[in-house]
Every structure is written in C-alpha cells, then in structure tokens.
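Residue-level structure breakdown
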Amino acid sequence: IFTEWERAWGHYAPLFADTLNHLQGFRLENYKLHGEEDFMVEPLRYNRIQKETLDAMWNAISKNKQPFFKFMERKAALMGKDKLAWYDVDAPVSVGDFKARTFTYDEAVDFINDNFAKFGPKLASFSQDIIEKGWVEAEDRTGKRPGGYCTSLPESKESRIFMTFTGSASDMSTLAHEIGHAFHSYTMWDLPRMNTRYAMNVAETASTFAETLVASATVEAANSNEEKISLLNTKLENATAMFMNIHARFLFEQSFYSERQKGLVTANRLSELMVTAQKEAFNDNLSEYHPHFWASKLHFFIDGISFYNFPYTFGFLFSLSIFAEYKKNPDGFEDKYIALLRDTAVMSTEDLVQKHLGKDITVESFWEQGIAIMAEDANAFLELTEKYV
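Counting starts from 1 at the beginning of each chain's written sequence and moves along it residue by residue. Whole-chain, interface and lining totals are the exception, using all residues; otherwise, since this is a predicted model, local features are given only for residues with pLDDT of at least 70 and side-chain atom pairs are given and counted only at 80 or more. Calculation of side-chain values draws on the structure's entire complement of heavy atoms; hydrogens and water are dropped beforehand.

Looking at the pattern of salt bridges
Salt bridges, as used here, are contacts in which a Lys or Arg side-chain nitrogen is within 4 Å of a carboxyl oxygen on Asp or Glu. Applying the stated criterion to the full structure yields 20 salt bridges. The partner of Glu 137 in a salt bridge is Lys 144, with the nearest N and O atoms 3.1 Å apart. Between buried and exposed lies partly exposed: a residue is buried under 20% and exposed over 50% of the maximum accessible area for its type, with that area taken using a 1.4 Å probe on protein chains only. On the basis of relative accessible area, Lys 144 is assigned to the buried category, the value being 13%.

So this is what it looks like as structure tokens:
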C-alpha cells in the first residue's frame, strides 16, 4: 500500500510542487516588500514567541531523543525487524494473549470525570456538565469519520464536541482532549472577545493537559503488563510524532524556504529535502522513508499561515511541562492553571509562563522536564517488553 501511495503522489508531484512554489514565493515576496528577509519572523510573531524559545525547545528535543530511539528499536524487535520503516512507526504493539480493552461511552465518561476530579473540582464539574447538557456528539455510525473536533460559541457561552467514539482507550483520550479544548474556552467566556484569541502554539495546552491526565491514568489502571505495553505504545507514538515526524516537517520547511529564496524548487528536489529532513529528525533510524510526504501533507498547503508544524510540538511539550509543575505541587494547582489559560491570548508565551509558573522558557531546562515525562514511559516500555524479545 505504501509503495502505491508513493507512486500515486509522485505522479502528481510536479503539480503540487508548482502549488507550493507559488504559495511560498508569494509569502517571501510579501515579507520582502514589508522589509523582512527572515521567513521565520512572521510565524514567530503569529505564535507570540521569541526565536530563543523555539531554538531552546528544538535543542532540548534533539539532545534528548535517545530514549525514543530505543523505544523504536525495541518496537522493531517485537515486529521481527532490524529497523522500523516509516509506515511501521504508528503500528500497534500486541504481545502475549493481549486483547485490547474496550469501554462503553458511559464508562469512558466516568473514567474521565473521576481522573479530572483528582486534578481539580472545576474541571471535573465542567466535564460532567457538558456531558449532561448533550454538548458532545460521539455516536459511532456508518459514514462518520474518526477523530474529534471542538468548537466554541462565545455569544451563547457554549461549546460543541463532534467525535466518533468506538470504545477504545485512544477514543477515551480523544474525548478528554476535546473536553480540554472546551474547558479552555469556558475559562475565558467572561473576557472581552479580543482577549480570547490565543495563538496556535498555546491552543493545544488545555486539550493535551486533559488528555495527559487521562492517558496516564489509563496506563496505571491497566489490568495486565500486556495491556500496559499497548497503552504505552500509543502514548509513545504521540511522542515520536511530536519529536521526530513534526521535527522533520519543520526542518523540511526551513530548507524549502531557504532554497525558494533563490528560485523555483523542483518536485525531485522537494523529495530530496524531505528525506534529508526525515533522516535528521529520526537520526537515520528508519529503514524506509516517505519522499513525497511534502506532497501528501495538507499542512504544507495551508495558505493562511506558514510553518503549521512546530506549534503542535510546542503545545504538546508546553502542556507536559505544566503537568510536570503540577506533579511537583498539586495542591491548589487548578486555580493557577485556570489563571494561566485565561491569559493565553493577552501576552507573549514567555511572559505568560513567567507570570504564572515563574519559569523561563527560553532555556532548555524548561522543555526537558516535559521530555522527561515521556522518557519515563519509554523506559517503562523497554522494561516491560524485555521478556518478549
């Protein structure tokens, strides 16, 4: 399937290359006419962060990828391979006689609310309230796509969540994730409308934080080591996506913009840049790469903003770092957390974190504490799977 996928995208690659060249060429000319030669200035401005902050985040990730490479090596061994291919990275892991546990919708809601309550009463109360009001449409029916989405309705001060719940632990995490988005909006409903428009890099803060609360609890509640292995794999797939896949997208886009400043970039050259970026991001730990990923990924073709990649990793690690702070001092943290969410649209991210957490996010140590949480999961995965190799 992957071979045919590559062939199909390769057939139309010149058309997609033409489209990308026009999009980025227009942006570069627009920047130039505004007296700006650095193509990173606008993405940084839009996300309200400094270059030092973005550099600190990527540097911290690059220096601390080893636990995740070991996870990938172990996963390859469990699959009987020397190395994972691009299409193996998100493959499920099943060992022993494990059968995936399923949940009814009501069981998932109860599990989510119980673990939200351990964090704080306001999040738990809000979660229960929106379920009872029917703001979540989660039916699994024919023709409905997987995944989840949340939108807020500021005039009525309500939110709506649209998702497909199939009973998996992953779907339970998705539900928690979308409730987190709704909670973020809820904390800002009394603010002026202009004070609620937060940037993309902090848009995933509340959602990922809520998902982390539930995903961590799911692992702890596993009925067997085999189930725990499967759940840890799912969590670590998210980490490898953020630390490697999205890192590759960022590196690719940087290279593409640099070359586009000098002229048109051919489809073949775009594929070369893509593979080079993937090899750097994955430290050449894959047996096969995805040359036409640049053509198949919608995010590169969004005309509204460029670099629709690093904010995902930023939001993921930002929420994990907040989670790390919560674990250090859980008492009364919910109020501090809500105060942080309410300020996400009215100040730079550096000032936001300094005000509410007293931390400097332009230094690598802030990001390393979030990475360390996922590294613990990687080490647990290695320990639990040792006997299956």
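Here we look at helix 5 (residues 66-78)
Numbering of helices and strands starts at the N terminus; helices are DSSP runs of H or I of at least 4 residues and strands are runs of E of at least 2. Expected helix span is taken as 1.5 Å per residue step, with the number of steps being one fewer than the number of residues. Between its terminal C-alpha atoms helix 5 stretches 18 Å, which fits the 18 Å expected from 13 residues at 1.5 Å a residue. Restricting attention to buried positions, one finds in helix 5 the residues Phe 68, Phe 69, Phe 71, Met 72, Arg 74, Lys 75 and Ala 76. Packing partners of the buried residues in helix 5 comprise helix 11 (225-260), helix 12 (267-281) and helix 17 (364-385). In the stretch just after helix 5, Gly 80 is the one whose phi turns positive, near 75°. Residue contacts are defined here by distance: any two heavy atoms, one from each residue, within 4.5 Å place the two residues in contact.

Some remarks on the pairing of strand 2 (residues 148-153)
Each pair of strands is called paired provided DSSP finds at least two bridges between the two strands. Here strand 2 runs beside strand 3 (residues 158-163); their pairing, made up of 6 bridges, is antiparallel. If you follow Leu 153 over to strand 3, its bridge partner there is Glu 158. Between strand 2 and strand 3, which pair antiparallel one after the other, the connecting turn spans 4 residues, and Lys 157 there sits at a positive phi close to 55°.

Section: the pairing of strand 3
Because side chains alternate across strand 3, one face comprises the buried residues Ser 159, Ile 161 and Met 163, and the other comprises Glu 158, Arg 160 and Phe 162, none of which is buried. Inspection of the sheet shows strand 1 (residues 136-137) paired to strand 3 by 2 bridges, in the parallel sense. By the bridge assignment for strand 3, Glu 137 is matched with Phe 162.

Keep in mind these values describe shape, not function.
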